[in-house]
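Listed here are the chains, written in short residue letters.
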Amino acid sequence: MRAVDLIEKKKRGLELTAEELTFLVQGFTNGEIPDYQLSAWAMAVYFKGMTAAETAALTLAMAQSGDQVDLSSLGDKTVDKHSTGGVGDKTTLIVAPIVASLGGIVAKMSGRGLGHTGGTVDKLESIPGYQTELTSEQFMCLSKEVGLVVAGQSGNLAPADKKLYALRDVTATVDSIPLIASSIMSKKLAAGAKSIVLDVKCGSGAFMKNAEDAAALAEEMVAIGENCGRSVSALITNMDRPLGNAVGNALEVEEALAVLQGEGPKDLKEVCLTLASEMLSLCNGWSGDEAMQKATAALSDGTAFAKMKEWIACQGGDLDTFLKNRSALKIHSMEVLAPASGYITQMDAEGIGVSAMLLGAGRAAKNDCLDYDAGIILVKKTGDRIEEGEPIARLFAKDPHPFTAAKKRFLSAITIGEGQPAAQPLIYRKIGGIK
Ligand code: URA
């Protein structure tokens, strides 16, 4: 087999076989097929697309290119979630303990943030002592004993995807739905959970800017997972504004703790309960109503919060010190005042994510250091009435130098108008799963 013939075949819009795709993936991973040939193939896929069978075969080949976590010894209640990335998305910190407190086993690997979206591992590392690097023995032991573990992604999970993603990033081939779907699902399949709930974000702060693209991506990912014997469902959720009020690592942990103690923003709570219910339906076989009722009870009676404390302590995290440090925080802050009166008619979530990144809460480049305490608290959100000169947000950072640029970026992300905008749904639709 020759890579050039497979590029030619895809260029003409023909379907590659599983054997051919495995040849490309293996050859690229072990260095036998050069970057320039995979780049040409990726561009051919961008223009000609892939069939469902091709996407499934590519995903499997990438999932099998490195370590695969075997969770079968934990039984059939292992359940994972994946978010396609948003601003203020701290749902894992809330959803995972709800699900684990009700019998689901959440043995999860998470990534770091890059660009305007945050990563769960970064948020967790803002808790003093929390260990994200675990051996596989520690990972399995915590999964069994606590039913909940969240670690950083093992370096050798789907290495083919890592290499291909880096290539796509510099060859303008990231925004291809079959390539995104296979990239995400290769990592989820290799991570081993039996059930998977996908939170496909849609809107200004998301990869997918409109509902049609989000639905197409969700359908593709659900189909791949089901073809590979997993129970998968996807929720398409609103990312036209940040989720909750906090954007930034420690600020988001603080907000997640508030939700787990019965407080916190309503939008965040609603999205978390819906995701948790979906995970519980898949892993426990509960109806949607039963799952929602039990998830709501676990949140309000403190069971989920108790599970959160157990989980964080078992991974070495010290929540008491985290909270003590927060109250004694010597950090610079600046209020952003409304430049005019009216209603906030739009918030560009990506712009707000970039503003938080400028403060030090995110990385512009892979090796940038984070200021865990940096970020933004939104005082007003889309649909709120504001008067000129009143605070709409508060910026935080250890280093005050970026305040001016961050404030400018924040204000350019806000649109103020005369009329109150119609309320938008938080959850657009569900694809797959138990009806
Ligand atoms: N996230 C991924 O993991 N892969 C993509 O291709 C896009 C987003």
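Reading guide: rules and limits
- Residues numbered from 1 in each chain as written.
- Predicted model: local features only at pLDDT ≥ 70, side-chain atom pairs only at ≥ 80, totals over all residues.
- Heavy atoms only, no water.
- Domains from an automatic or database assignment.
- Pairing = 2+ DSSP bridges.
- Helix = DSSP H or I, 4+ residues; strand = E, 2+ residues; numbered from the N terminus.
- Contact = heavy atoms within 4.5 Å.
- Axes fitted to C-alpha atoms, helices over the stretch in contact; angles between N-to-C directions.
- Near = heavy atom within 4 Å.
- Polar contact = N/O pair within 3.5 Å; in protein donor to acceptor, adjacent residues only side chain to side chain.
- Areas by Shrake-Rupley, 256 points an atom, 1.4 Å probe, with all protein chains shown as cover.
- Disulfide = S-S within 2.5 Å.
- Buried < 20%, exposed > 50% of the residue type's maximum accessible area, 1.4 Å probe, protein only.
- Core = buried A, V, L, I, M, F, W, Y, C linked by side-chain atoms within 4.5 Å.
- 1 Å grid on protein atoms, 1.4 Å probe; cavity = no way out; pocket = protein on both sides within 12 Å on 5 of 7 lines; lining within 4 Å.
- Points joined across faces, edges and corners; volume = space filled by probe spheres on them.
- Nonpolar A, V, L, I, M, F, W, Y, C, P; charged D, E, K, R; others polar.

**Quick word on the domain arrangement of the chain**
Part 1 of the argument: Parsing the chain into structural domains produces domain 1 (3-49), domain 2 (72-156 + 190-321) and domain 3 (330-417).
Part 2 of the argument: Once you take the C-alpha centre of each, domain 1 and domain 2 turn out to be 34 Å apart.

**Let's talk about the sheet that holds strand β9 (residues 375-378)**
Part 1 of the argument: Pairing in this open sheet of four strands is antiparallel, and the strands run β6-β9-β11-β7 from one edge to the other. Whereas interior strands pair on both sides, the edge strands pair on one side only; in this sheet they are β6 (246-247) and β7 (332-337).
Part 2 of the argument: In this fold helix α16 (residues 349-359) packs onto β6, β9 and β11 (391-397), with an angle of close to 135 degrees to the strand it touches most, β9.

**Here's the deal with the sheet that holds strand β5 (residues 231-238)**
Part 1 of the argument: The four strands lie next to each other as β1-β4-β5-β13, forming an open sheet whose pairing is mixed. What marks the edges here is a single partner per strand, and that holds for β1 (79-83) and β13 (427-432). For this sheet, the mean angle separating the axes of adjacent strands, direction not counted, is 15 degrees.
Part 2 of the argument: Relative to strand β4 (residues 195-202), helix α12 (residues 266-284) is tilted by about 150 degrees, and along the sheet it contacts β1, β4, β5 and β13.

**So, the site of the ligand**
Part 1 of the argument: As a matter of local geometry, the ligand sits amid Y165, R168, I180, S183, I184, K187 and F207.
Part 2 of the argument: Contact between the ligand and R168: an oxygen atom at 2.9 Å from a side-chain N or O atom of the residue.
Part 3 of the argument: Here an oxygen atom of the ligand and a side-chain polar atom of K187 are 2.5 Å apart.
Part 4 of the argument: Protein burial of the ligand: of its 240 Å² of free accessible surface, 87% is covered by the chains.

**A word on the state of the cysteines**
Part 1 of the argument: Counted under the stated rule, the structure contains zero disulfides.
Part 2 of the argument: With no disulfide of its own, C272 lies closest to C283 among cysteine sulfurs, the gap being 16 Å.
Part 3 of the argument: Counting only cysteine sulfurs, C141 is the nearest neighbor of C314, a cysteine outside any disulfide, at a range of 8.9 Å.
Part 4 of the argument: Given a relative accessible area of 40%, C314 falls into the partly exposed group.

**Comments concerning the nonpolar core**
Part 1 of the argument: Core analysis: the largest hydrophobic core is formed by 86 residues, its most contacted members being I94, I98, W311, I352, I376 and F410.
Part 2 of the argument: The leading source of residues in this core is α12, at ten residues.
Part 3 of the argument: Two domains each put at least three residues into this core: domain 2 (72-156 + 190-321) and domain 3 (330-417).
Part 4 of the argument: Among residues more than four places away in sequence, those in contact with I98 are L273, A276, A295, A298, L299 and A304.
Part 5 of the argument: Formed by 22 residues, the second largest nonpolar core is a distinct cluster that contains A3, L21, F28 and A42.

**So, empty space enclosed by the protein**
Part 1 of the argument: If you walk through the whole model with that rule in mind, you get two cavities of 30 Å³ or more.
Part 2 of the argument: Size it by volume and the largest cavity reaches roughly 150 Å³.
Part 3 of the argument: Around the largest cavity, the lining is made up of 21 residues, and of these H116, T117, G118, A361 and G362 lie nearest the centre.
Part 4 of the argument: At the level of secondary structure, the elements contributing two or more residues to the lining of the largest cavity comprise α6 (120-125), α11 (249-260) and α16.
Part 5 of the argument: Residue contributions to the lining of the largest cavity peak at three residues, all from α16.
Part 6 of the argument: The residue makeup of the lining of the largest cavity, split by class, is five nonpolar, twelve polar and four charged.
Part 7 of the argument: Estimated volume of the second largest cavity: approximately 60 Å³.
Part 8 of the argument: Lining the second largest cavity are L21, L24, V25, F28, L38, W41, L58, M62, A160 and L164.
Part 9 of the argument: Among the elements of the structure, α2 (18-29), α3 (35-48), α4 (52-63) and α8 (159-169) are those that each provide at least two residues to the lining of the second largest cavity.
Part 10 of the argument: Broken down by element, the lining of the second largest cavity gets its largest block of residues, four residues, from α2.

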